[in-house]
Amino acid sequence: MLHQMEPIPGTDKALRKQRTAQALTRLSSQQLPVREKKLPVIVLIEGWSAAGKGSLISKLIRDLDPRFYNVISFDRPTDTESRHPWLWRYFTQIPEYGKLEFLDSGWVEQTMRDLVSGKLDRIQFQKRIESIQRFERQLCDDGYLVVRFFLHISRKEQKKRINRLLENKDTVWRVSDFDRWQNEHYKECKEAYDEILEATQSTYHPWHIIDASNTKEALPVVSHVLSEAIDGAMKKKPSSGQPAGVFPLLPTQPVSSVDLSPAMDEKDYKLQLKDCQNRLKELHNRIYRKRIPVVIAYEGWDAAGKGGNIRRIANALDARGFEVLPIASPTPEELRHQYLWRFWTRLPKDGHIAIFDRTWYGRVMVERIEGFCSDAEWQRAYAEINEFEQELMDWGAVVVKYWIHIDSDTQLERFQNRQKTPEKQWKITDEDWRNREKWPQYEIAVNDMLQKTSTSAAPWHIIESKDKRFARIKAMKILIDAIEKALANS
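Residues numbered from 1 in each chain as written. Predicted model: local features only at pLDDT ≥ 70, side-chain atom pairs only at ≥ 80, totals over all residues. Heavy atoms only, no water.

K.L.:
Can you tell me about the overall build of the protein, naming the residues and giving the values?
P.N.:
Counting secondary structure elements, the protein contains 21 helices and 10 strands. For the protein, the spread of C-alpha atoms along the three principal axes comes to 85 × 45 × 40 Å. A burial count over the protein gives 54% of its 490 residues as buried. Considering only contacts in the protein between residues 6 or more positions apart, those separated by 24 or more positions represent 84%. When the accessible area of the protein is evaluated, it comes to approximately 23300 Å², of which 49% is carbon and sulfur surface. (Helix = DSSP H or I, 4+ residues; strand = E, 2+ residues; numbered from the N terminus. Buried < 20%, exposed > 50% of the residue type's maximum accessible area, 1.4 Å probe, protein only. Contact = heavy atoms within 4.5 Å. Areas by Shrake-Rupley, 256 points an atom, 1.4 Å probe, with all protein chains shown as cover.)

Following this line, the structure appears as structure tokens:
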């Protein structure tokens, strides 16, 4: 794609200054409408080292209100970032609705580095491209405006700029080993950039290849393109989203047909509980050493026994290597981001375990039923969730999903018992009773969820929980089996 760049013709100095001032004034005037419309804007500035990415961003933000924009510079991943999924450091940094975010390099430069250095083979590279496509598409579907620029200069021009920086003791620090390496491997880097840009080109957020040989001429061009994109996004009507990936789905049965008769006597339960917890303790040490992350997702009916189930698993684990994450209604900050953001920010490091008590599936259950999101949003969420879980598995995570199941009569009995027992009354709320009245609606939503998100890679496990002892042992055995398989394949 880089050969498609059109050189920017030089202009009269006075005319250029006038055009630049007009463009920056226009961009500044758009900040308030962006805030009022709650339009989140990501401006990705990719390009060659020494192409002027940092100075361009500095000029773009000159007249902007600093309360409503962020500037983020991505370098090589830190140790913490390297212990999370590849997209983690980008997804966790997305801006709030109504803010602009300027990125000095990002997922393209990192992918180029990894490809040219041999860190990515062709299969891994294709997965990386798919991750980028999913990430950008999900943001755009959620209403984010992603404007992407690539600043292009020749090898000769890059070398000249690097040498100029090295000649001045006050600017020598700005030249990194990577900058020198990139100039030495310019041809290979250019081929990699071309391939990445071509693979990630799209009609709904195209790449803008900018001639950066004259940075002063590039500024009004970039600011004009950005302003036009913002104007277009503010006039655009919400869409139902772009086509998403297709995942192999497993056959499921309606939850109403699940046999809830399985039970376990107390003696057998105690023996199996001890064995399972001892085995989980051993496995926890091994996954920490092998740096295999584990993500456990709990969903189920109110009073089905999720808490007791989680507690038996947690009791077997080293407290330093796991976290239980109860998911309640989103906070104001979480509501100002794409809905999966609050789960990306809670992912464990590799070698650690995250146990989610309620999950991202709230999008297709409570948010669907209570009208907290539009029909288009929850209908699109099935594919987005499958993609999210695929990212976790591509990272190397063990993903285990439980639906803790009881029938309506059992729930009523447990609600009544909670009300009668003083030390359990805190567990029952008016909202629990209100949700119970919507059991038929929730049952439809649960069946849809199981049918559309039980993938061959991340299947749902229905845990019969009329007998809590049976449910706890079944869940632990499923987890043990999943971890053992991951260890065998590591």
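K.L.:
So what's going on with the pattern of salt bridges? Which residues, and what values?
P.N.:
Enumeration over the complete set of coordinates arrives at 40 salt bridges. The salt bridge involving arginine 346 is made with glutamate 334; its shortest N-O contact spans 2.9 Å. Linking arginine 346 in the loop between α15 (341-344) and β8 (353-357) with glutamate 334 in helix α14 (residues 332-335), this pair joins segments that are 12 residues apart in sequence. Ionic contacts of the salt-bridge type, sharing partners, join the residues Glu266, Lys270, Asp467 and Arg469 into one network. (Salt bridge = Lys/Arg side-chain N within 4 Å of Asp/Glu carboxyl O.)

K.L.:
Describe the packing of helix α6 (residues 107-116) against helix α10 (residues 186-199), and please don't skip the residues or the numbers.
P.N.:
Close contact between α6 and α10 brings their axes to 9 Å; oriented N to C, the two are set at 125 degrees. Classified by the interaxial angle, the pair formed by α6 and α10 is oblique. For the pair α6 and α10, the crossing hand works out as right-handed. Note on element contacts: α10 touches α6 through Glu188, Cys189, Ala192, Tyr193, Glu195, Ile196 and Leu197, opposite Val108, Glu109, Thr111, Met112, Leu115 and Val116. When grouped by side-chain class, the residues that make up the contact of α6 with α10 number 9 nonpolar, 1 polar and 3 charged. (Axes fitted to C-alpha atoms, helices over the stretch in contact; angles between N-to-C directions. Parallel < 35°, antiparallel > 145°, perpendicular 65-115°, else oblique. Left-handed = near helix turned anticlockwise from the far one by under 90°. Nonpolar A, V, L, I, M, F, W, Y, C, P; charged D, E, K, R; others polar.)

K.L.:
Any chance you could break down the nonpolar core for me, citing the residues and the numbers?
P.N.:
Core analysis: the biggest nonpolar cluster contains 147 residues, and Phe102, Trp360, Tyr402 and Trp403 have the highest contact counts within it. When residues in this core are grouped by element, the largest group, 11 residues, is from helix α21 (residues 468-489). Once you skip the residues sitting within four places of it in the chain, phenylalanine 102 turns out to touch Val43, Ile57, Leu60, Ile61, Leu64, Tyr69, Asn70, Val71, Ile72 and Leu226. (Core = buried A, V, L, I, M, F, W, Y, C linked by side-chain atoms within 4.5 Å.)

K.L.:
Can you tell me about helix α11 (residues 215-235), naming the residues and giving the values?
P.N.:
In this model, α11 (21 residues) spans 31 Å end to end at C-alpha, consistent with the 30 Å of a helix rising 1.5 Å per residue. Of the positions making up α11, those classed as buried are Glu217, Ala218, Leu219, Pro220, Val222, Ser223, Val225, Leu226, Ser227, Ile230 and Met234. Its side-chain oxygen 3.2 Å from the backbone nitrogen of lysine 216, asparagine 214 forms the N-cap of α11. (Expected span 1.5 Å × (residues − 1). Polar contact = N/O pair within 3.5 Å; in protein donor to acceptor, adjacent residues only side chain to side chain.)

K.L.:
Would you mind going over the packing of helix α1 (residues 13-29) against α11 in detail, with residue names and values included?
P.N.:
The interhelical angle for the contact between α1 and α11, taken along N-to-C directions, is 30 degrees, at an axis separation of 9 Å. By the angle between their axes, α1 is roughly parallel relative to α11. In the crossing of α1 with α11, the sense of the turn from one axis to the other is left-handed. Where α1 abuts α11, its residues Arg16, Arg19, Thr20, Ala23, Leu24, Arg26 and Leu27 lie against Lys216, Glu217, Leu219, Pro220, Val221, Ser223, His224, Leu226, Ser227, Glu228, Ile230 and Asp231. By residue class, the composition of the contact of α1 with α11 is 8 nonpolar, 4 polar and 7 charged.

K.L.:
I'd love a proper account of the sheet that holds strand β10 (residues 460-464), names of residues and values included.
P.N.:
A sheet is described by the order of its strands in space; here 5 strands give the open sequence β7-β8-β6-β9-β10, paired in parallel fashion. Taken across any chain shown, the strands that pair with only one partner, and hence form the sheet edges, are β7 (322-326) and β10. Each strand of the sheet is rotated relative to its neighbour by a mean of 20 degrees, with strand direction disregarded. One ladder, built from 7 bridges, connects strand β6 (residues 294-300) with strand β9 (residues 398-405); its direction is parallel. When the sheet's bridge partners are listed, valine 295 is paired in β9 with valine 399. (Pairing = 2+ DSSP bridges.)

K.L.:
So, the packing of aromatic side chains: which residues are in play, and what are the values?
P.N.:
Across all of its chains, the model carries 24 aromatic pairs by this definition. Judged by centre distance (5.3 Å) and plane angle (50 degrees), the rings of phenylalanine 91 and phenylalanine 135 are tilted. On the criterion of sequence distance, the pair formed by phenylalanine 91 in helix α5 (residues 88-91) and phenylalanine 135 in helix α7 (residues 122-141) is long-range, its members being 44 residues apart. A single burial state applies to phenylalanine 91 and to phenylalanine 135, both of which are buried. Between tryptophan 301 and tryptophan 403, the ring centres sit 5.6 Å apart and the planes meet at 75 degrees, which makes this aromatic pair edge-to-face. (Phe/Tyr/Trp six-rings, centres within 6.5 Å; stacked < 30°, edge-to-face > 60°.)

K.L.:
Break down the state of the cysteines for me, citing the residues and quoting the values.
P.N.:
Tallied over the full model, the rule gives 0 disulfides. Not engaged in a disulfide, the cysteine cysteine 140 finds its nearest cysteine sulfur in cysteine 373; these two sulfurs lie 19 Å apart. (Disulfide = S-S within 2.5 Å.)

K.L.:
How would you summarise helix α8 (residues 155-166) if you had to cite specific residues and measurements?
P.N.:
Between its first and last C-alpha, α8 extends 16 Å over 12 residues, near the 16 Å set by a 1.5 Å rise per residue. Restricting attention to buried positions, one finds in α8 the residues Glu157, Gln158, Arg161, Ile162 and Leu165. Buried residues of α8, seen end-on, are gathered within an arc of 135 degrees and therefore sit on one face of the element. Looking at the buried positions of α8, the neighbouring elements they touch are α9 (177-184), α10 and α11. (Arc of directions from axis to C-beta.)

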